[in-house]
Amino acid sequence: MEVTPFTFLNQEEYLNFFSLYPDMQDFGTNDGTNNPLTGLKKRKKIEEDKSGAEEEMKKKIPFTDILTSLMLLDEEEKQEQELYFAQSQQQNEILEANYKKTSEVMSQYCSDFQEGSTQLTDLEQSSGKRSRGAAFSAVASAVAAAESSSAGAAETAEVGAASAAAGPHRRLWVKDRSKDWWDHYNSPSVSEDEFRKAFRMSKATFDMICEGLESAVTKKNTMLRDAIPVRQRVAVCIWRLATGEPLRLVSKRFGLGISTCHKLVLEVCLAIKTVLMEKHLHWPDELTLQGIKTEFESVSGIPNVSGSMYTTHVPIIAPKASVASYFNKRHTERNQKTSYSITVQGVVDPKGLFTDICVGWPGSMPDDKVLENSALYKRGSSGQLKDVWVVGNKAHPLMDWVLAPYTHQNLTWTQHAFNEKIGDIQGVAKDAFARLKGRWSCLQKRTEVKLQDLPVVLGACCVLHNICTMRNDELDAELKYDLFDDEMVSENGVRSAGAVQARDHIAHNLLHHGLAGTGFH
(Lines give C-alpha, C1' and ligand atoms only; values in the text may rest on other atoms or scores of the structure.)
Protein backbone atom coordinates (compact mmCIF):
# COMPACT_ATOMS: atom_id res chain seq x y z
CA MET A 1 0.00 0.00 0.00
CA GLU A 2 1.27 3.33 -0.88
CA VAL A 3 1.49 5.99 1.70
CA THR A 4 0.91 9.41 0.44
CA PRO A 5 2.07 12.45 2.33
CA PHE A 6 -0.49 14.27 4.55
CA THR A 7 -1.38 17.64 3.22
CA PHE A 8 -1.53 20.34 5.94
CA LEU A 9 -4.25 22.99 5.80
CA ASN A 10 -3.26 26.47 4.92
CA GLN A 11 -4.48 29.58 6.79
CA GLU A 12 -7.63 30.03 4.73
CA GLU A 13 -8.66 26.42 4.94
CA TYR A 14 -8.08 26.40 8.69
CA LEU A 15 -10.45 29.31 9.15
CA ASN A 16 -13.11 27.71 7.00
CA PHE A 17 -12.87 24.56 9.11
CA PHE A 18 -13.38 26.38 12.38
CA SER A 19 -16.24 28.38 10.93
CA LEU A 20 -18.11 25.12 10.63
CA TYR A 21 -17.58 24.52 14.46
CA PRO A 22 -17.84 27.87 16.13
CA ASP A 23 -17.66 26.26 19.64
CA MET A 24 -14.15 25.22 18.96
CA GLN A 25 -13.03 28.78 18.51
CA ASP A 26 -12.81 29.12 22.28
CA PHE A 27 -9.61 27.15 22.07
CA GLY A 28 -8.02 30.18 20.55
CA THR A 29 -6.39 32.96 22.52
CA ASN A 30 -7.62 36.41 23.19
CA ASP A 31 -4.79 37.90 21.30
CA GLY A 32 -6.47 37.08 17.97
CA THR A 33 -4.43 34.01 17.24
CA ASN A 34 -6.37 30.79 16.81
CA ASN A 35 -3.81 28.41 18.19
CA PRO A 36 -5.59 25.08 18.97
CA LEU A 37 -3.23 24.16 21.80
CA THR A 38 -4.05 27.32 23.59
CA GLY A 39 -7.78 26.57 23.32
CA LEU A 40 -7.37 23.13 24.78
CA LYS A 41 -5.64 24.54 27.89
CA LYS A 42 -8.39 27.08 28.29
CA ARG A 43 -11.03 24.37 28.12
CA LYS A 44 -9.26 22.35 30.79
CA LYS A 45 -9.11 25.38 33.00
CA ILE A 46 -12.84 25.96 32.57
CA GLU A 47 -13.57 22.34 33.47
CA GLU A 48 -11.41 22.59 36.59
CA ASP A 49 -13.24 25.75 37.61
CA LYS A 50 -16.57 23.99 37.19
CA SER A 51 -15.46 21.00 39.30
CA GLY A 52 -14.17 23.35 42.01
CA ALA A 53 -17.49 25.17 42.09
CA GLU A 54 -19.31 21.85 42.39
CA GLU A 55 -17.11 20.81 45.33
CA GLU A 56 -17.67 24.19 46.98
CA MET A 57 -21.42 23.74 46.61
CA LYS A 58 -21.15 20.27 48.14
CA LYS A 59 -19.32 21.79 51.13
CA LYS A 60 -22.02 24.44 51.58
CA ILE A 61 -24.84 21.87 51.75
CA PRO A 62 -23.99 20.45 55.28
CA PHE A 63 -23.74 23.94 56.75
CA THR A 64 -27.23 24.66 55.47
CA ASP A 65 -28.56 21.52 57.17
CA ILE A 66 -27.02 22.59 60.50
CA LEU A 67 -28.68 25.98 60.28
CA THR A 68 -32.02 24.32 59.59
CA SER A 69 -31.64 22.00 62.63
CA LEU A 70 -30.78 24.91 64.90
CA MET A 71 -33.84 26.80 63.75
CA LEU A 72 -36.01 23.75 64.46
CA LEU A 73 -34.52 23.39 67.97
CA ASP A 74 -35.16 27.04 68.71
CA GLU A 75 -38.73 26.63 67.64
CA GLU A 76 -39.22 23.56 69.90
CA GLU A 77 -37.67 25.40 72.86
CA LYS A 78 -40.02 28.30 72.37
CA GLN A 79 -42.98 25.94 72.30
CA GLU A 80 -41.83 24.22 75.53
CA GLN A 81 -41.38 27.58 77.28
CA GLU A 82 -44.83 28.64 76.26
CA LEU A 83 -46.26 25.35 77.59
CA TYR A 84 -44.32 25.75 80.89
CA PHE A 85 -45.54 29.30 81.35
CA ALA A 86 -49.11 28.18 80.72
CA GLN A 87 -48.86 25.38 83.32
CA SER A 88 -47.22 27.69 85.87
CA GLN A 89 -49.96 30.23 85.43
CA GLN A 90 -52.57 27.52 85.94
CA GLN A 91 -50.87 26.32 89.17
CA ASN A 92 -50.63 29.87 90.47
CA GLU A 93 -54.32 30.32 89.88
CA ILE A 94 -55.06 27.12 91.83
CA LEU A 95 -52.80 28.20 94.74
CA GLU A 96 -54.39 31.62 94.87
CA ALA A 97 -57.84 30.04 94.96
CA ASN A 98 -56.79 27.72 97.82
CA TYR A 99 -55.20 30.63 99.69
CA LYS A 100 -58.35 32.67 99.42
CA LYS A 101 -60.44 29.76 100.66
CA THR A 102 -58.06 29.12 103.61
CA SER A 103 -58.01 32.79 104.49
CA GLU A 104 -61.78 32.87 104.58
CA VAL A 105 -61.87 29.81 106.88
CA MET A 106 -59.23 31.27 109.22
CA SER A 107 -60.99 34.61 109.32
CA GLN A 108 -64.22 32.87 110.27
CA TYR A 109 -62.40 30.85 112.96
CA CYS A 110 -60.78 33.99 114.40
CA SER A 111 -64.09 35.78 114.52
CA ASP A 112 -65.70 32.80 116.26
CA PHE A 113 -62.82 32.62 118.75
CA GLN A 114 -63.03 36.32 119.54
CA GLU A 115 -66.76 36.05 120.01
CA GLY A 116 -66.29 33.11 122.39
CA SER A 117 -63.61 35.02 124.35
CA THR A 118 -65.90 38.00 124.63
CA GLN A 119 -68.69 35.82 125.96
CA LEU A 120 -66.34 34.19 128.49
CA THR A 121 -65.11 37.60 129.67
CA ASP A 122 -68.67 38.86 130.04
CA LEU A 123 -69.56 35.74 132.00
CA GLU A 124 -66.62 36.18 134.36
CA GLN A 125 -67.41 39.87 134.86
CA SER A 126 -71.03 39.11 135.64
CA SER A 127 -69.95 36.39 138.08
CA GLY A 128 -67.52 38.82 139.71
CA LYS A 129 -70.25 41.43 140.04
CA ARG A 130 -72.54 38.91 141.70
CA SER A 131 -69.74 37.89 144.09
CA ARG A 132 -68.98 41.50 144.96
CA GLY A 133 -72.68 42.23 145.49
CA ALA A 134 -72.96 39.27 147.84
CA ALA A 135 -69.86 40.37 149.74
CA PHE A 136 -71.05 43.93 150.12
CA SER A 137 -74.48 42.80 151.29
CA ALA A 138 -72.84 40.54 153.87
CA VAL A 139 -70.68 43.39 155.09
CA ALA A 140 -73.66 45.71 155.32
CA SER A 141 -75.60 43.22 157.41
CA ALA A 142 -72.60 42.70 159.66
CA VAL A 143 -72.20 46.44 160.17
CA ALA A 144 -75.88 46.82 160.96
CA ALA A 145 -75.74 43.99 163.49
CA ALA A 146 -72.68 45.26 165.38
CA GLU A 147 -71.76 48.93 165.08
CA SER A 148 -69.05 48.56 167.72
CA SER A 149 -66.95 46.39 165.36
CA SER A 150 -67.26 48.73 162.39
CA ALA A 151 -63.51 48.90 161.82
CA GLY A 152 -63.16 45.15 161.70
CA ALA A 153 -66.19 44.89 159.48
CA ALA A 154 -64.73 47.46 157.10
CA GLU A 155 -61.51 45.47 156.87
CA THR A 156 -63.48 42.31 156.22
CA ALA A 157 -65.40 44.13 153.49
CA GLU A 158 -62.15 45.17 151.80
CA VAL A 159 -60.78 41.62 151.90
CA GLY A 160 -64.08 40.20 150.65
CA ALA A 161 -64.27 42.73 147.85
CA ALA A 162 -60.68 42.01 146.78
CA SER A 163 -61.26 38.26 146.72
CA ALA A 164 -64.53 38.71 144.89
CA ALA A 165 -62.89 41.00 142.33
CA ALA A 166 -60.31 38.31 141.65
CA GLY A 167 -63.16 36.04 140.62
CA PRO A 168 -63.08 32.23 140.50
CA HIS A 169 -59.97 30.40 139.30
CA ARG A 170 -59.99 29.28 135.73
CA ARG A 171 -59.92 25.55 135.26
CA LEU A 172 -58.82 25.16 131.66
CA TRP A 173 -57.47 21.99 130.08
CA VAL A 174 -58.67 19.86 133.02
CA LYS A 175 -60.84 16.87 132.25
CA ASP A 176 -63.62 16.29 134.75
CA ARG A 177 -63.17 12.88 136.39
CA SER A 178 -65.03 11.23 139.22
CA LYS A 179 -63.28 11.28 142.60
CA ASP A 180 -66.02 9.50 144.52
CA TRP A 181 -63.81 6.55 145.44
CA TRP A 182 -61.08 8.71 146.93
CA ASP A 183 -63.56 11.05 148.56
CA HIS A 184 -65.03 8.05 150.37
CA TYR A 185 -61.69 6.87 151.79
CA ASN A 186 -60.59 10.43 152.55
CA SER A 187 -63.66 11.17 154.61
CA PRO A 188 -63.49 10.88 158.42
CA SER A 189 -66.45 8.52 158.35
CA VAL A 190 -64.54 5.65 156.71
CA SER A 191 -63.86 2.83 159.17
CA GLU A 192 -60.37 1.90 160.36
CA ASP A 193 -60.64 -1.67 159.05
CA GLU A 194 -61.79 -0.52 155.63
CA PHE A 195 -58.95 1.97 155.34
CA ARG A 196 -56.37 -0.55 156.57
CA LYS A 197 -57.54 -3.15 154.07
CA ALA A 198 -57.25 -0.68 151.20
CA PHE A 199 -53.91 0.96 152.05
CA ARG A 200 -52.24 -1.80 154.16
CA MET A 201 -51.73 0.63 157.07
CA SER A 202 -53.76 2.42 159.73
CA LYS A 203 -55.23 5.88 159.29
CA ALA A 204 -52.86 7.22 161.97
CA THR A 205 -49.83 5.87 160.12
CA PHE A 206 -51.08 7.37 156.87
CA ASP A 207 -51.57 10.74 158.54
CA MET A 208 -48.05 10.57 160.00
CA ILE A 209 -46.55 9.87 156.56
CA CYS A 210 -48.50 12.75 155.00
CA GLU A 211 -47.31 15.09 157.73
CA GLY A 212 -43.69 14.02 157.22
CA LEU A 213 -43.84 14.48 153.44
CA GLU A 214 -45.92 17.67 153.37
CA SER A 215 -42.96 20.02 152.89
CA ALA A 216 -41.50 17.87 150.12
CA VAL A 217 -44.56 17.16 147.97
CA THR A 218 -46.77 20.24 148.45
CA LYS A 219 -47.48 22.19 145.25
CA LYS A 220 -49.01 25.65 144.78
CA ASN A 221 -52.26 26.45 143.01
CA THR A 222 -52.08 28.08 139.58
CA MET A 223 -54.51 30.15 137.52
CA LEU A 224 -55.26 27.11 135.38
CA ARG A 225 -55.86 24.50 138.05
CA ASP A 226 -55.72 23.77 141.76
CA ALA A 227 -52.80 21.73 143.06
CA ILE A 228 -53.43 18.12 144.06
CA PRO A 229 -53.64 17.90 147.89
CA VAL A 230 -50.84 16.21 149.80
CA ARG A 231 -53.09 13.44 151.13
CA GLN A 232 -54.24 12.53 147.63
CA ARG A 233 -50.65 12.54 146.33
CA VAL A 234 -49.48 10.20 149.08
CA ALA A 235 -52.56 8.00 148.70
CA VAL A 236 -51.93 7.50 144.97
CA CYS A 237 -48.40 6.31 145.68
CA ILE A 238 -49.27 4.02 148.59
CA TRP A 239 -52.25 2.49 146.78
CA ARG A 240 -50.07 1.78 143.73
CA LEU A 241 -47.34 0.18 145.85
CA ALA A 242 -49.80 -1.79 147.98
CA THR A 243 -51.89 -3.26 145.16
CA GLY A 244 -49.63 -3.13 142.11
CA GLU A 245 -52.73 -2.07 140.22
CA PRO A 246 -52.24 -0.81 136.63
CA LEU A 247 -52.02 2.95 136.28
CA ARG A 248 -55.20 3.14 134.20
CA LEU A 249 -57.19 1.72 137.14
CA VAL A 250 -55.39 3.95 139.64
CA SER A 251 -56.33 6.88 137.41
CA LYS A 252 -60.03 5.98 137.55
CA ARG A 253 -60.04 5.54 141.32
CA PHE A 254 -58.46 8.89 142.14
CA GLY A 255 -59.95 10.94 139.28
CA LEU A 256 -56.54 11.85 137.84
CA GLY A 257 -54.75 11.33 134.53
CA ILE A 258 -52.62 8.25 133.94
CA SER A 259 -49.44 10.25 133.41
CA THR A 260 -50.23 12.32 136.51
CA CYS A 261 -50.55 9.16 138.63
CA HIS A 262 -47.27 7.80 137.31
CA LYS A 263 -45.55 11.10 138.08
CA LEU A 264 -47.03 11.20 141.59
CA VAL A 265 -45.79 7.68 142.39
CA LEU A 266 -42.22 8.58 141.45
CA GLU A 267 -42.32 11.97 143.21
CA VAL A 268 -43.67 10.56 146.48
CA CYS A 269 -41.26 7.59 146.40
CA LEU A 270 -38.36 9.98 145.92
CA ALA A 271 -39.62 12.11 148.81
CA ILE A 272 -39.88 9.03 151.03
CA LYS A 273 -36.31 8.05 150.15
CA THR A 274 -35.02 11.59 150.66
CA VAL A 275 -36.96 12.65 153.78
CA LEU A 276 -38.04 9.51 155.65
CA MET A 277 -35.25 7.00 154.97
CA GLU A 278 -32.77 8.89 157.12
CA LYS A 279 -35.17 8.66 160.06
CA HIS A 280 -36.54 5.15 159.63
CA LEU A 281 -33.90 3.07 157.80
CA HIS A 282 -30.28 3.32 158.97
CA TRP A 283 -27.55 1.29 160.63
CA PRO A 284 -28.14 1.17 164.40
CA ASP A 285 -26.08 3.23 166.82
CA GLU A 286 -24.10 1.62 169.65
CA LEU A 287 -26.92 1.63 172.17
CA THR A 288 -29.44 0.17 169.74
CA LEU A 289 -26.86 -2.33 168.48
CA GLN A 290 -26.33 -3.66 171.99
CA GLY A 291 -30.04 -4.37 172.32
CA ILE A 292 -30.05 -6.13 168.92
CA LYS A 293 -27.17 -8.38 169.99
CA THR A 294 -28.92 -9.31 173.18
CA GLU A 295 -32.18 -10.13 171.46
CA PHE A 296 -30.56 -12.25 168.73
CA GLU A 297 -28.52 -14.12 171.34
CA SER A 298 -31.67 -14.87 173.32
CA VAL A 299 -33.19 -16.38 170.18
CA SER A 300 -30.24 -18.39 168.89
CA GLY A 301 -27.54 -18.51 171.54
CA ILE A 302 -25.05 -16.96 169.07
CA PRO A 303 -23.42 -13.82 170.51
CA ASN A 304 -22.64 -10.50 168.81
CA VAL A 305 -25.16 -10.84 165.97
CA SER A 306 -25.94 -7.41 164.56
CA GLY A 307 -28.34 -8.47 161.84
CA SER A 308 -29.72 -11.16 159.56
CA MET A 309 -28.98 -10.80 155.86
CA TYR A 310 -31.05 -12.08 152.93
CA THR A 311 -31.30 -11.37 149.20
CA THR A 312 -34.53 -11.58 147.20
CA HIS A 313 -35.45 -10.95 143.57
CA VAL A 314 -38.09 -8.61 142.14
CA PRO A 315 -39.43 -9.49 138.66
CA ILE A 316 -39.08 -6.90 135.89
CA ILE A 317 -39.91 -6.54 132.21
CA ALA A 318 -37.07 -7.55 129.89
CA PRO A 319 -34.81 -4.48 129.62
CA LYS A 320 -33.71 -3.08 126.26
CA ALA A 321 -30.02 -3.18 127.16
CA SER A 322 -27.96 -5.92 128.88
CA VAL A 323 -30.80 -8.43 128.74
CA ALA A 324 -28.58 -11.38 129.66
CA SER A 325 -27.44 -9.66 132.87
CA TYR A 326 -31.01 -9.51 134.20
CA PHE A 327 -31.98 -13.04 133.10
CA ASN A 328 -32.93 -15.14 136.14
CA LYS A 329 -32.18 -18.77 135.35
CA ARG A 330 -33.57 -20.21 138.59
CA HIS A 331 -36.91 -18.41 138.32
CA THR A 332 -37.13 -19.31 134.63
CA GLU A 333 -36.72 -23.01 135.44
CA ARG A 334 -39.20 -22.80 138.31
CA ASN A 335 -41.89 -20.81 136.48
CA GLN A 336 -41.34 -22.46 133.08
CA LYS A 337 -41.21 -19.05 131.40
CA THR A 338 -38.48 -16.54 130.76
CA SER A 339 -37.94 -14.38 133.84
CA TYR A 340 -35.89 -11.24 134.47
CA SER A 341 -35.26 -9.66 137.85
CA ILE A 342 -33.26 -7.27 139.99
CA THR A 343 -31.98 -7.99 143.48
CA VAL A 344 -32.81 -6.53 146.89
CA GLN A 345 -30.31 -7.32 149.64
CA GLY A 346 -31.34 -6.40 153.15
CA VAL A 347 -30.13 -6.71 156.74
CA VAL A 348 -32.82 -6.80 159.44
CA ASP A 349 -32.91 -6.64 163.22
CA PRO A 350 -34.85 -9.10 165.45
CA LYS A 351 -38.10 -7.19 164.86
CA GLY A 352 -37.76 -7.44 161.09
CA LEU A 353 -36.79 -3.79 160.60
CA PHE A 354 -34.39 -3.12 157.75
CA THR A 355 -31.11 -1.59 158.92
CA ASP A 356 -29.33 -1.75 155.56
CA ILE A 357 -30.44 -2.36 151.97
CA CYS A 358 -28.74 -2.71 148.61
CA VAL A 359 -31.10 -2.46 145.64
CA GLY A 360 -30.88 -2.74 141.87
CA TRP A 361 -28.19 -5.24 140.87
CA PRO A 362 -29.05 -7.56 137.93
CA GLY A 363 -30.84 -10.83 138.66
CA SER A 364 -28.12 -13.03 137.17
CA MET A 365 -25.65 -11.87 139.82
CA PRO A 366 -25.20 -14.40 142.69
CA ASP A 367 -25.76 -13.33 146.28
CA ASP A 368 -22.06 -13.17 147.17
CA LYS A 369 -21.39 -10.81 144.24
CA VAL A 370 -24.30 -8.61 145.28
CA LEU A 371 -22.77 -8.44 148.75
CA GLU A 372 -19.38 -7.47 147.32
CA ASN A 373 -20.96 -4.56 145.45
CA SER A 374 -22.85 -3.20 148.45
CA ALA A 375 -22.06 -0.39 150.88
CA LEU A 376 -22.31 -2.97 153.67
CA TYR A 377 -19.30 -4.83 152.25
CA LYS A 378 -17.25 -1.62 152.14
CA ARG A 379 -18.21 -0.89 155.74
CA GLY A 380 -17.21 -4.38 156.85
CA SER A 381 -13.98 -4.44 154.85
CA SER A 382 -12.92 -1.11 156.35
CA GLY A 383 -13.23 -2.49 159.90
CA GLN A 384 -16.43 -0.66 160.89
CA LEU A 385 -18.15 -3.99 161.70
CA LYS A 386 -15.48 -5.29 164.02
CA ASP A 387 -16.60 -7.72 166.74
CA VAL A 388 -20.07 -8.13 165.24
CA TRP A 389 -21.62 -10.75 162.98
CA VAL A 390 -23.98 -10.31 160.07
CA VAL A 391 -25.58 -13.72 159.64
CA GLY A 392 -26.01 -14.89 156.06
CA ASN A 393 -26.99 -18.14 154.36
CA LYS A 394 -25.09 -20.66 152.27
CA ALA A 395 -25.03 -18.25 149.33
CA HIS A 396 -22.84 -15.86 151.36
CA PRO A 397 -19.15 -16.38 152.07
CA LEU A 398 -17.70 -16.81 155.56
CA MET A 399 -15.71 -13.70 156.47
CA ASP A 400 -14.49 -11.91 159.57
CA TRP A 401 -17.84 -10.15 159.90
CA VAL A 402 -20.18 -12.49 157.92
CA LEU A 403 -21.26 -15.67 159.68
CA ALA A 404 -22.42 -18.35 157.23
CA PRO A 405 -23.53 -21.97 157.81
CA TYR A 406 -21.48 -25.07 157.05
CA THR A 407 -21.99 -26.12 153.42
CA HIS A 408 -19.91 -29.29 153.05
CA GLN A 409 -21.37 -32.78 153.17
CA ASN A 410 -21.30 -35.22 156.10
CA LEU A 411 -21.77 -32.61 158.81
CA THR A 412 -21.08 -33.45 162.43
CA TRP A 413 -23.80 -33.10 165.03
CA THR A 414 -22.19 -29.88 166.25
CA GLN A 415 -22.11 -28.41 162.76
CA HIS A 416 -25.66 -29.50 162.02
CA ALA A 417 -26.90 -27.92 165.27
CA PHE A 418 -25.03 -24.73 164.43
CA ASN A 419 -26.71 -24.61 161.02
CA GLU A 420 -30.10 -24.91 162.70
CA LYS A 421 -29.40 -21.85 164.84
CA ILE A 422 -28.19 -19.94 161.79
CA GLY A 423 -31.45 -20.98 160.13
CA ASP A 424 -33.42 -19.48 163.04
CA ILE A 425 -31.69 -16.15 162.56
CA GLN A 426 -32.16 -16.39 158.79
CA GLY A 427 -35.85 -17.00 159.41
CA VAL A 428 -36.14 -13.47 160.81
CA ALA A 429 -34.85 -11.98 157.55
CA LYS A 430 -37.01 -14.25 155.40
CA ASP A 431 -40.09 -13.35 157.41
CA ALA A 432 -39.30 -9.65 157.00
CA PHE A 433 -38.97 -10.01 153.21
CA ALA A 434 -42.16 -12.07 153.06
CA ARG A 435 -44.04 -9.31 154.88
CA LEU A 436 -42.39 -6.70 152.63
CA LYS A 437 -43.63 -8.43 149.46
CA GLY A 438 -46.98 -9.29 151.02
CA ARG A 439 -47.72 -5.71 152.06
CA TRP A 440 -46.45 -4.12 148.84
CA SER A 441 -47.81 -6.30 146.07
CA CYS A 442 -46.03 -4.30 143.37
CA LEU A 443 -42.92 -6.36 144.27
CA GLN A 444 -44.64 -9.61 143.32
CA LYS A 445 -45.14 -8.93 139.61
CA ARG A 446 -43.52 -7.11 136.75
CA THR A 447 -44.08 -3.42 137.14
CA GLU A 448 -44.59 -0.60 134.64
CA VAL A 449 -41.85 1.46 136.31
CA LYS A 450 -38.71 2.01 134.24
CA LEU A 451 -35.60 0.12 135.28
CA GLN A 452 -33.71 3.28 136.26
CA ASP A 453 -36.56 4.34 138.58
CA LEU A 454 -36.98 0.97 140.32
CA PRO A 455 -34.31 1.44 143.03
CA VAL A 456 -36.16 4.51 144.33
CA VAL A 457 -39.48 2.64 144.37
CA LEU A 458 -38.00 -0.42 146.11
CA GLY A 459 -36.23 1.77 148.65
CA ALA A 460 -39.52 3.52 149.41
CA CYS A 461 -41.19 0.14 149.97
CA CYS A 462 -38.51 -0.80 152.52
CA VAL A 463 -38.93 2.52 154.35
CA LEU A 464 -42.72 2.13 154.47
CA HIS A 465 -42.25 -1.45 155.72
CA ASN A 466 -40.19 -0.14 158.63
CA ILE A 467 -42.74 2.56 159.45
CA CYS A 468 -45.61 0.08 159.50
CA THR A 469 -43.58 -2.39 161.57
CA MET A 470 -42.55 0.22 164.14
CA ARG A 471 -46.16 1.38 164.47
CA ASN A 472 -47.35 -2.25 164.86
CA ASP A 473 -49.57 -2.21 161.79
CA GLU A 474 -50.17 -5.93 161.47
CA LEU A 475 -50.42 -7.53 158.05
CA ASP A 476 -53.56 -9.52 157.29
CA ALA A 477 -53.01 -13.28 157.08
CA GLU A 478 -54.52 -13.38 153.60
CA LEU A 479 -51.69 -11.14 152.34
CA LYS A 480 -48.94 -13.48 153.51
CA TYR A 481 -46.39 -14.18 150.75
CA ASP A 482 -44.22 -17.27 150.35
CA LEU A 483 -40.65 -16.61 149.26
CA PHE A 484 -39.13 -18.97 146.73
CA ASP A 485 -35.67 -17.48 146.14
CA ASP A 486 -33.35 -20.43 145.59
CA GLU A 487 -30.07 -20.22 147.50
CA MET A 488 -26.90 -21.13 145.62
CA VAL A 489 -23.75 -22.18 147.46
CA SER A 490 -21.05 -19.53 147.20
CA GLU A 491 -18.15 -20.46 144.92
CA ASN A 492 -15.65 -19.12 147.45
CA GLY A 493 -17.38 -20.07 150.68
CA VAL A 494 -14.48 -19.43 153.07
CA ARG A 495 -12.47 -16.21 152.91
CA SER A 496 -10.99 -16.00 156.39
CA ALA A 497 -9.14 -18.61 158.44
CA GLY A 498 -9.89 -16.68 161.61
CA ALA A 499 -13.60 -16.76 160.80
CA VAL A 500 -13.40 -20.57 160.46
CA GLN A 501 -11.99 -20.89 163.95
CA ALA A 502 -14.53 -18.45 165.36
CA ARG A 503 -17.39 -20.38 163.76
CA ASP A 504 -16.10 -23.70 165.14
CA HIS A 505 -15.80 -22.14 168.59
CA ILE A 506 -19.38 -20.83 168.46
CA ALA A 507 -20.67 -24.25 167.35
CA HIS A 508 -18.76 -25.98 170.16
CA ASN A 509 -20.17 -23.61 172.79
CA LEU A 510 -23.73 -24.10 171.51
CA LEU A 511 -23.42 -27.86 171.90
CA HIS A 512 -21.72 -27.90 175.27
CA HIS A 513 -23.94 -25.24 176.86
CA GLY A 514 -27.14 -27.05 175.90
CA LEU A 515 -28.13 -24.42 173.35
CA ALA A 516 -27.89 -26.64 170.27
CA GLY A 517 -30.34 -29.06 168.73
CA THR A 518 -33.83 -29.61 170.02
CA GLY A 519 -32.87 -28.87 173.61
CA PHE A 520 -33.08 -25.09 172.99
CA HIS A 521 -36.37 -23.43 172.13
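This is a predicted model, so every value here is computed, not measured.

A. Expanded view of empty space enclosed by the protein. Tallied over the full model, the rule gives three cavities of 30 Å³ or more. A volume near 80 Å³ is recorded for the largest cavity. Forming the walls of the largest cavity are Arg-240, Leu-241, Val-265, Val-314, Cys-442, Leu-443, Thr-447, Val-449, Leu-454, Val-457 and Leu-458. Those elements that place two or more of their residues in the lining of the largest cavity are α7 (230-243) and α16 (454-470).

B. Representation of the pattern of salt bridges within the structure. The final tally for this structure, using the stated rule, is 11 salt bridges. Between Arg-231 and Asp-207 there is a salt bridge; the shortest N-O distance is 2.6 Å. A residue pair is termed long-range when its members are at least 10 positions apart, and Arg-231 in helix α7 and Asp-207 in helix α6 (residues 203-217) qualify at 24 residues. As a salt-bridge pair, Lys-421 and Asp-424 come within 4.0 Å of each other at their nearest N and O atoms. Of the two residues, Lys-421 and Asp-424 are both situated in helix α15 (residues 413-439); the distance of three residues between them amounts to about one turn of the helix. Note on Lys-421: relative accessible area 3%, which makes it buried. Of the residues examined, Asp-424 reaches a relative accessible area of 36% and is grouped as partly exposed. Put simply, Asp-368, Lys-369, Glu-372 and Arg-495 are held in one network by salt bridges that share partners.

C. Representation of a negative patch on the surface. A surface patch of like charges, here negative, comprises Asp-74, Glu-75, Glu-76, Glu-77, Glu-80 and Glu-82. Checked against the element boundaries, Glu-75 lands in helix α2 (residues 36-145).

D. Seen up close, α7. End to end, α7 covers 20 Å across 14 residues, agreeing with the expected 20 Å (1.5 Å per residue, within 8%). A large share of α7 lies buried, amounting to 13 of its 14 residues. Just past α7, the residue Gly-244 takes up positive phi, approximately 65°.

E. Broad picture of the packing of α6 against α7. Put simply, α6 and α7 touch, their axes get as near as 9 Å, and they point 110° apart. When the interaxial angle is binned, α6 and α7 end up roughly perpendicular. The interaxial crossing formed by α6 with α7 has right-handed handedness. Note on element contacts: α7 touches α6 through Val-230, Arg-231, Arg-233, Val-234, Ala-235 and Ile-238, opposite Phe-206, Asp-207, Ile-209, Cys-210, Leu-213, Glu-214 and Val-217. Residue classes in the contact of α6 with α7 are distributed as nine nonpolar, no polar and four charged.

F. Fine view of the packing of aromatic side chains. Scanning the model with the defined rule gives 16 aromatic pairs in all. Summarising the aromatic geometry, the rings of Trp-181 and Tyr-185 are spaced 4.6 Å apart at their centres and angled 45° between planes, so their arrangement reads as tilted. Taken together, the positions of Trp-181 and Tyr-185, both in helix α4 (residues 180-186) and four residues apart, correspond to about one turn of that helix. Here a set of aromatic residues connected by ring pairs shows up, and it is made of Trp-181, Trp-182, Tyr-185, Phe-195, Phe-199, Phe-206, Trp-239 and Phe-254. Sitting over the face of the ring of Trp-283, Arg-379 holds its NZ or CZ atom 5.3 Å from the ring centroid. Its end group placed over the ring of Tyr-406, Arg-503 keeps NZ or CZ at 4.0 Å from the ring centre.

Criteria and thresholds
- Residues numbered from 1 in each chain as written.
- Predicted model: local features only at pLDDT ≥ 70, side-chain atom pairs only at ≥ 80, totals over all residues.
- Heavy atoms only, no water.
- 1 Å grid on protein atoms, 1.4 Å probe; cavity = no way out; pocket = protein on both sides within 12 Å on 5 of 7 lines; lining within 4 Å.
- Points joined across faces, edges and corners; volume = space filled by probe spheres on them.
- Helix = DSSP H or I, 4+ residues; strand = E, 2+ residues; numbered from the N terminus.
- Salt bridge = Lys/Arg side-chain N within 4 Å of Asp/Glu carboxyl O.
- Buried < 20%, exposed > 50% of the residue type's maximum accessible area, 1.4 Å probe, protein only.
- Patch = residues over 30% accessible without salt bridge, like charges linked within 9 Å, V, L, I, M, F, W, Y side chains within 5 Å.
- Areas by Shrake-Rupley, 256 points an atom, 1.4 Å probe, with all protein chains shown as cover.
- Lys, Arg positive; Asp, Glu negative; His and termini not counted.
- Charge placed at Lys NZ, Arg CZ, Asp CG, Glu CD.
- Expected span 1.5 Å × (residues − 1).
- Axes fitted to C-alpha atoms, helices over the stretch in contact; angles between N-to-C directions.
- Parallel < 35°, antiparallel > 145°, perpendicular 65-115°, else oblique.
- Left-handed = near helix turned anticlockwise from the far one by under 90°.
- Contact = heavy atoms within 4.5 Å.
- Nonpolar A, V, L, I, M, F, W, Y, C, P; charged D, E, K, R; others polar.
- Phe/Tyr/Trp six-rings, centres within 6.5 Å; stacked < 30°, edge-to-face > 60°.
- Lys NZ or Arg CZ within 6 Å of the ring centre and 35° of its normal.

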